[in-house]
Amino acid sequence: MARKYKIALLPGDGIGREVISEARRVLDEVITWIDGLEMEIHEFDCGGEYFLRTNREWSEEAEDFTKTEADAVLFGGIGAIGPDGKTVRRPDGNLAGYSVVIGLRHELDLYANVRPVKLFEGVPTPLVSKGPKDIDMVVVRENTEGLYYPARGRVKESDRDFAYDLRIITTRGSERIARYAFDLAMTRNGAPVDGRRRVTCVDKSNLLAGCQLFRETFTRVGEEYKETSKDYAYVDAWTLLAIRKPEYYDVVVAPNEFGDIISDLGAALQGGLGVAPSGNIGVKHAVFEPVHGSAPDIAGTGKANPIAAILSMAMMFEWLGKNHDDAVSIRTAEKIRNSVELVLHEGRIRTPDLCLGEWSGVVPSTTQQVTDEVIRKMKG
Ligand code: NAD
Ligand code: IPM
Ligand code: MN
């Protein structure tokens with residue numbers, strides 16, 4: 001059933017702001033053009049730059065709306081550099097913006113961080129012998145436990161100085177992320193190499209107790225999915241395998257911190273962070289964001305690729321559509337994704353990160369020009 005969705009937009013810092021303002025332009029267009037799509041957009045400032053100005057990571061209103069009223073959240077990324085040239089941090093040592101990027105994952109119980117790794121036609125991959133037919137997997141990162149469990153600290157005394165990050169992995173957390181990964185595989189067409197549904201558990205269970213629990217639970221849950229192939233790799237080896245034979249992978253599930261690392265590797269395979277979208281998904285809530293951060297090295301230059309943010313928004317529409325049984329929202333997701341694919345495939349309009357290999361002769365476009373072209377394709 002179509003309904004009026006309330007969306008929180010949280011641009012954040014650096015290129016987070018730049019790419020979310022582009023996603024918003026696409027959003028404003030689809031609201032105008034697509035019959036039956038009704039949205040209420042609430043945009044709020046947040047992150048490290050906001051913290052520098054106000055000593056808060058976001059306003060009470062922003063926090064309240066995001067946590068209690070929003071049907072979905074679209075977030076850019078945080079991470080600001082202060083006047084001293086260092087990353088801005090809260091007095092407790094956490095990144096300024098932590099409440100938004102990590103706090104929401106914990107507080108809204110967004111247990112699945114879903115990071116599709118799909119190489120579109122027209123996008124350069126650093127793997128010379130691989131193309132779009134070889135790279136189409138999804139990294140499912142456990143999102144509330146592991147090294148991100150908020151139990152860390154520093155002990156600094158006259159005779160000893162150390163820091164610790166407790167790595168908590170529970171049966172419940174492992175069970176629900178394994179089930180998410182197996183269910184996701186059921187909706188896909190299998191691995192590019194053989195069309196087989198395959199879920200790969202990536203861990204370090206040769207050494208770590210938490211990973212042993214994670215893997216055992218994965219195997220137990222996997223027994224319920226008879227037709228799906230259960231696959232295993234140690235995380236160190238997986239980084240090599242993913243580069244050698246990405247076509248073998250369909251859905252890849254990993255504990256939190258390994259999921260963080262391997263999803264940036266996945267992003268590289270699919271053409272870079274500029275085109276890597278994600279969704280942090282729970283039972284009732286979800287936050288969508290590009291995999292990238294605030295990219296201070298290119299902020300303010302017009303070089304940021306808005307596609308990761310626009311594709312994250314498409315994931316948001318798909319999730320809303322599935323959750324609310326709303327065909328209009330699903331169609332909106334498809335429309336946005338198809339338009340992005342067309343722009344990439346044509347190849348003329350692209351930010352510098354994609355002007356590589358076969359496309360090294362293309363004159364780079366700006367962030368805004370890429371969005372203009374996506375919108376043009378959407379209308380066309
Ligand atoms: P980053 O993702 O911001 O950038 C890594 C590299 O990729 C940079 O060279 C950058 O220019 C490039 N890049 C990223 N997004 C791009 C885009 N859309 N188009 C073109 N190029 C792009 O990671 P970093 O430099 O390690 O971190 C910068 C800040 O962002 C840090 O403060 C970090 O903590 C934070 N961060 C936040 C998030 C988040 O909020 N979800 C994610 C990652 C990093
Ligand atoms: C991500 C980011 C965050 C993470 C940082 C900013 C804390 O790298 O979303 O992948 O480690 O999860
Ligand atoms: Mn990351």
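Residues numbered from 1 in each chain as written. Chains lettered and ligands numbered in written order. Predicted model: local features only at pLDDT ≥ 70, side-chain atom pairs only at ≥ 80, totals over all residues. Heavy atoms only, no water.

Visitor: Please clarify how the sheet that holds strand S10 (residues 251-254) should be interpreted in this entry.
Guide: Each strand in a sheet pairs with another by means of backbone hydrogen bonds, the pair being arranged parallel or else antiparallel. In spatial order, the strands read S2-S1-S3-S12-S11-S4-S5-S10-S8-S9; together these ten strands make up an open sheet with mixed pairing. Two strands bound the open sheet, and with one partner strand each, they are strand S2 (38-43) and strand S9 (229-234). Here the strands of the sheet are splayed against their neighbours by 20 degrees on average, with no regard to which way each runs. Both strand S8 (residues 198-203) and S9 contribute to a ladder of six bridges, which runs parallel. (Pairing = 2+ DSSP bridges. Helix = DSSP H or I, 4+ residues; strand = E, 2+ residues; numbered from the N terminus. Axes fitted to C-alpha atoms, helices over the stretch in contact; angles between N-to-C directions.)

Visitor: Any chance you could explain the site of ligand 2 here in plain terms?
Guide: In the region of ligand 2, the neighbouring residues are Ile 102, Arg 105, Arg 115, Arg 141, Tyr 148 and Asp 260. Note that an oxygen atom of ligand 2 is positioned 2.7 Å from one of the side-chain N or O atoms of Arg 105. Here Asp 260 contributes a side-chain N or O atom positioned 2.9 Å from an oxygen atom of ligand 2. In the complex, 74% of the free accessible area of ligand 2, which totals 320 Å², lies under the protein chains. A per-class count over the shell around ligand 2 returns two nonpolar, no polar and four charged. (Near = heavy atom within 4 Å. Polar contact = N/O pair within 3.5 Å; in protein donor to acceptor, adjacent residues only side chain to side chain. Areas by Shrake-Rupley, 256 points an atom, 1.4 Å probe, with all protein chains shown as cover. Nonpolar A, V, L, I, M, F, W, Y, C, P; charged D, E, K, R; others polar.)

Visitor: Please clarify how the site of ligand 1 should be interpreted in this entry.
Guide: Around ligand 1, a shell composed of 21 residues is seen, among which Ile 78, Gly 293, Ala 295, Asp 297 and Asn 305 lie nearest. Taking Glu 289, its side chain carries an N or O atom lying 2.9 Å from a nitrogen atom of ligand 1. Within the side chain of Asp 297, a nitrogen or oxygen atom sits 2.7 Å from an oxygen atom of ligand 1. Compared with its free state, where it exposes 800 Å², ligand 1 has 69% of that area covered by protein.

Visitor: Honestly, the environment of Gly 16 in this entry has me stumped. Any pointers?
Guide: By secondary structure assignment, the location of Gly 16 is in helix H1 (residues 15-33). Assessed through its relative accessible area of 0%, Gly 16 is described here as buried. Linking Gly 16 and Ser 294, residues 278 residues apart in sequence, is a C-alpha distance of 5.3 Å. Beyond its immediate sequence surroundings of up to four residues, Gly 16 is in contact with Pro 11, Gly 76, Gly 77 and Ser 294. (Buried < 20%, exposed > 50% of the residue type's maximum accessible area, 1.4 Å probe, protein only. Contact = heavy atoms within 4.5 Å.)

Visitor: Sorry if this is basic, but what is going on with the packing of aromatic side chains here?
Guide: What describes a pair of aromatic rings is the distance from one ring centre to the other and the angle between the planes of the rings. Summed over the entire model, instances satisfying the criterion amount to eight aromatic pairs. When the centroid spacing of 5.7 Å and the interplanar angle of 50 degrees are considered together, the rings of Phe 44 and Phe 65 count as tilted. Of the two residues, Phe 44 sits in the loop between S2 and helix H2 (48-54) while Phe 65 sits in helix H3 (residues 60-69), which places them 21 residues apart along the sequence. Judged on exposure class, the residue Phe 44 and its partner Phe 65 are both buried. With 5.4 Å between their ring centres and 80 degrees between their planes, Phe 218 and Tyr 232 make a pair best called edge-to-face. Here Phe 218, found in helix H6 (residues 209-222), pairs with Tyr 232, found in strand S9; they are 14 residues apart in sequence, far enough to count as distant. A network of ring pairs unites the aromatic residues Phe 182, Phe 218, Tyr 225 and Tyr 232 as a single cluster. Sitting above the plane of the Tyr 148 ring, Arg 141 keeps its charged end 4.9 Å from the centroid. (Phe/Tyr/Trp six-rings, centres within 6.5 Å; stacked < 30°, edge-to-face > 60°. Lys NZ or Arg CZ within 6 Å of the ring centre and 35° of its normal.)

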